[in-house]
Every structure is written in structure tokens, then in C-alpha cells.
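Listed here are the chains, written in short residue letters.
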Amino acid sequence: MASTILSDCSSSSAARILPFHMIRSTNALRFRCSVFLHPKTPNPRQIHGKSLAFTPVAMTTETSAKVIDGKSIAKQIRDEITSEISRMKDEIGIVPGLAVILVGTRKDSQTYVRNKKKACEAVGITSHEVNLQEDCTEEEVIKYISGFNNDPSVHGILVQLPLPRHMNEQNILNAVNIEKDVDGFHPLNIGRLAMQGREPLFVPCTPKGCIELLHRSGIDIKGKRAVVIGRSNIVGMPAALLLQRQNATITIVHSSTKNPEEIIRQADIVISATGVANLVRGSWIKPGAVVIDVGINPVDDPESPRGYRLVGDVCYEEVAKIASAVTPVPGGVGPMTIAMLLSNTLESAKRLHNFK
Ligand code: NAD
């Protein structure tokens, strides 16, 4: 088994992958991705995942790392949200509302929107959905945003990204009322996140989910040396700002960083968000470090009915032998992102109605 597991991470360079939206229902993936598993290899992530309850972590026999079970932590958060929403409804008759605007017909975006809607319904948030044609104008999108900005039953507005190329993403995100910016992408919210003594109204969901995973797994951040790999506006950069706010000492590693492994090897906490499958090797990790893998990367898997499977940025099988705790993919950060969106929507409704 060890050799088959190793084959998952054994290429000297990271796997070449396709953007998720390009691979759905296409056989092109089969020859465009480069990571293969032995046909009989059971998915070790699932083996670990199955036995986990919400206890911060579970020990495995093969690896030394504890598995941070995002699925069960996210469920616990959704349960907490459900009971808060029910309390709010009983006490002031208000139900939080989330508006989602989808432009175009990208399959991955449609799936994300559908999942968000389902998650809202499950916790008692009312969802409002707008689907616009791929060729609609920026003004039309902004018209809907303005409508939701002025609608008191809507407490959160989310514009599903990416937008079609002819649209200016900045203009559209700027149009969302900062008080309903549950994605936390408005420049004022990001600016406040970066400033000491200022509080953002919302924090972007995926990085917030990473910090929540650390907190709920009993992992101290203060005074730790942390490395964030990736500096995107939606994950890497806000994750670094959040860690800094928690008094960690931060380094950001990106695609132009020289000798990234030397820097990463000094970290007590590593958050990786690059979109490069199996980039982070076991030898890059300091023994005992905590590793949070944000990446969701499709790689070819002829054994899977879909023809592909999802892996993270982290070479899990190697890293699990060195780290003290690690998130699996799937089942780590992914479920936390939607849980944080629900949490931001509830927070917004509470703030707008002054409900404690
Ligand atoms: P992005 O493409 O916007 O940014 C990637 C970042 O990684 C860039 O800053 C780039 O400099 C850096 N990078 C790329 N190659 C690198 C390398 N070899 N070494 C060091 N840095 C490198 O991507 P993103 O939107 O931040 O997403 C990153 C990953 O996280 C993707 O796999 C995405 O699917 C996933 N993601 C997951 C969730 C979730 O809920 N789990 C949410 C958002 C994104």
C-alpha cells in the first residue's frame, strides 16, 4: 500500500491540472491531467474521515498526523446556526435572507449556487436567486444588486464569481452594500481586515473557515510562525491578514518565491491555497506543523466513474507522516466555506436587526 500511496505524490513536479469548470463531463481530462492512482488504492482520506466525530482530531494507524475533520466541524457550526435562526425567528420574527446572483451557465458555478441554496434551506435562511444571461450587461447586474441592497428581507448578497469576461468585477463587487457583503470581498471590508484597530463587517468565507478549523481543533495561533502559500484576493491574502490578526508571524509564499520549501519548512502553521495539485511535499514540512489544505484540484482517475477525482495542494500521504495535524481534501476546508457563508448571513441579520 505504501508504494501505491506514494505514487500519488511521486512526480517530481506538481501535477498539471485543468480548471474545475473545464473538466465536467469531458473526456479531455483523461489525457490532460497527470496524476494517477493505483487502481486498487483505497482513498486514505476517506478511511480517516469515516472514523472521525467532532473531536478535534483522530489518530490513524498509518500516519502520525491528526486529521482535522472539516465535515463534522462544519456540521456542528450549521447546527449552531440553525438553533440561532430559530431563536431569532421566535423572538423577533425575522428570518435571515441571502441573495445569490449568477451570471451565465457555467456548470461549476451552477453547482456552487445550488449547494449554497440547499445549505440555506437546511438551516432556515431564505434564499433569493437571480440567474442572468451570459451576455447581460454590467448595469443589469448592478440593478439587481441595488434592489437587494434596498430589500430589508435580504441580509447578504453574493455575486457568484467568476463573472463573464466583458464585466468589470471590481465595479460589481463595489456595488454590494458593505453591510450585506457576506463574501467579505468589498475593498472596505478587506481594508478594515488589514488595519489594526479596525473591524471588518465580514471576513471572506474560506479563510475564515481555515481559522475556525484551527480554533475548533484546539490549535494555538498566537506567536506561531505561519506560512500562507498563495496570495489571491479571496483566499491567500485574507488568510494571511487573519493569521496576523491572531498574532502569528506571517510569510506569504507565491509563484515567484525563491526556495519556497526553505521558508515553508520553518512554519508551525501552513495554509496552502495555490490550485496546484500535490505541490506541498512531506519534506517541505517541519515535523509537528499543522497543515491546512485549501486547494481543490481535479486530477485524472480512470477508476472514478467521473474520470477524475479531487485532491488538494498538499501531498497528503507524505505530509500526514510529518505534520501533527492536517486537513483532508475533500472533507477539510471545503465544507467550512459554506458554513462560514451561512454564519456571515446570520451575523448580518443579527447586526441589521440589533439582535443579540
Ligand atoms: P488563484 O489562482 O487566484 O491564486 C493562486 C495563488 O497561488 C496565486 O497567488 C499564486 O501566486 C500562487 N501559486 C501558484 N502556483 C504556485 C506555486 N507553484 N508556488 C507557490 N505559489 C503558487 O487561486 P485561489 O482562488 O486562491 O484558489 C486556490 C485553490 O483553492 C484552488 O485549488 C481553489 O479551487 C481552491 N479554493 C478552495 C476553496 C474551498 O472552499 N475549499 C475556496 C476557494 C478556493
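To be clear, the structure that these remarks concern was listed above.
What comes next is a walk through the structure. (Residues numbered from 1 in each chain as written. Predicted model: local features only at pLDDT ≥ 70, side-chain atom pairs only at ≥ 80, totals over all residues. Heavy atoms only, no water.)

### Some points on the side chain of D313
Structurally, D313 can be placed in the loop between β10 (308-311) and α13 (316-319). From its side chain, D313 meets the backbone nitrogen of V276 in a polar contact 3.4 Å long. In this view, D313 contacts S272, A273, T274, G275, V276, A277, N278, L279, V280, D293, G295 and N297; residues no more than four positions away in its chain are not counted. (Helix = DSSP H or I, 4+ residues; strand = E, 2+ residues; numbered from the N terminus. Polar contact = N/O pair within 3.5 Å; in protein donor to acceptor, adjacent residues only side chain to side chain. Contact = heavy atoms within 4.5 Å.)

### Focus: the sheet that holds strand β6 (residues 249-253)
In spatial order, the strands read β1-β11-β8-β7-β5-β6; together these six strands make up an open sheet with parallel pairing. Every interior strand has two partners, whereas the edge strands, β1 (66-67) and β6, have only one. Here two bridges tie strand β8 (residues 290-293) to strand β11 (residues 325-326), and the two strands are oriented parallel to one another. Bridge pairing links V291 to V326 in β11. (Pairing = 2+ DSSP bridges.)

### Notes on the pairing of strand β2 (residues 97-103)
For β2, a buried count of seven out of seven residues is recorded, marking the element as mostly surrounded by other parts of the structure. Side chains G97, A99, I101 and V103 of β2 all project onto a buried face; the interleaved residues L98, V100 and L102 project onto the opposite face, where all are buried too. Pairing geometry for β2 and strand β3 (residues 126-132), over seven bridges, is parallel. Bridging from a neighbouring strand, V103 pairs with L132 of β3. Handedness of the crossover is the feature at issue here: the chain leaves β2, passes through helix α6 (residues 107-123), returns alongside β3, and the resulting connection is right-handed. Two strands pair when backbone bridges link them, and β2 and strand β4 (residues 156-159) are joined in this way by four bridges, in the parallel orientation. Of the residues in β4, the one forming a bridge with I101 is V159. (Buried < 20%, exposed > 50% of the residue type's maximum accessible area, 1.4 Å probe, protein only. Right-handed = clockwise from strand over helix to strand, strands pointing away.)

### What about the site of the ligand?
Taken together, 21 residues are adjacent to the ligand, and R231, S232, I296, N297 and T337 come closest. A distance of 3.1 Å separates an oxygen atom of the ligand from a polar side-chain atom of S255. V294 has a polar backbone atom sitting 3.4 Å from a nitrogen atom of the ligand. If the ligand stood free it would expose 860 Å²; the protein chains cover 70% of that surface. When its residues are assigned to classes, the shell around the ligand shows nine nonpolar, eleven polar and one charged. (Near = heavy atom within 4 Å. Areas by Shrake-Rupley, 256 points an atom, 1.4 Å probe, with all protein chains shown as cover. Nonpolar A, V, L, I, M, F, W, Y, C, P; charged D, E, K, R; others polar.)

### What about the packing of helix α10 (residues 205-216) against helix α11 (residues 236-245)?
Interaxial distance between α10 and α11 falls to 8 Å at its minimum, and their mutual angle equals 40°. Taken together, the axes of α10 and α11 lie oblique to each other. The crossing of α10 and α11 is right-handed. Contact residues: α10 offers P207, K208, I211 and L214, while α11 offers P238, A239, L242 and L243. Partitioned by chemical class, the residues of the contact of α10 with α11 number seven nonpolar, no polar and one charged. (Axes fitted to C-alpha atoms, helices over the stretch in contact; angles between N-to-C directions. Parallel < 35°, antiparallel > 145°, perpendicular 65-115°, else oblique. Left-handed = near helix turned anticlockwise from the far one by under 90°.)

### Points about the environment of E169
Along the polypeptide, E169 turns up in helix α8 (residues 169-175). Overall, the relative accessible area of 35% leaves E169 in the partly exposed class. For the pair E169 and E138, spaced 31 residues apart in the sequence, the C-alpha separation amounts to 9.0 Å. The residues touching E169, leaving out its near neighbours within four places in the chain, are L161 and L163.

### Quick look at the sheet that holds β3
Here three strands make up an open sheet; going across it, the order is β3-β2-β4 and the pairing parallel. Edge positions in the sheet fall to β3 and β4, since each of these pairs with one other strand and no more. Sheet twist, expressed as the average angle between the axes of neighbouring strands with direction ignored, equals 15°. Contacting β2, β3 and β4, helix α7 (residues 138-149) crosses the sheet at an angle of about 180° to β2.

### Structural notes on the packing of helix α9 (residues 187-194) against α11
Closest axis-to-axis distance for the α9/α11 pair is 9 Å, and the angle between their directions is 35°. Every residue of α11 that contacts α9 at I190, R192, L193 and A194 is listed here: M237, P238, L241, L242 and R245. Counted by class, the contact of α9 with α11 contains seven nonpolar, no polar and two charged residues.

These results come straight from atomic positions and should not be treated as a statement about function.
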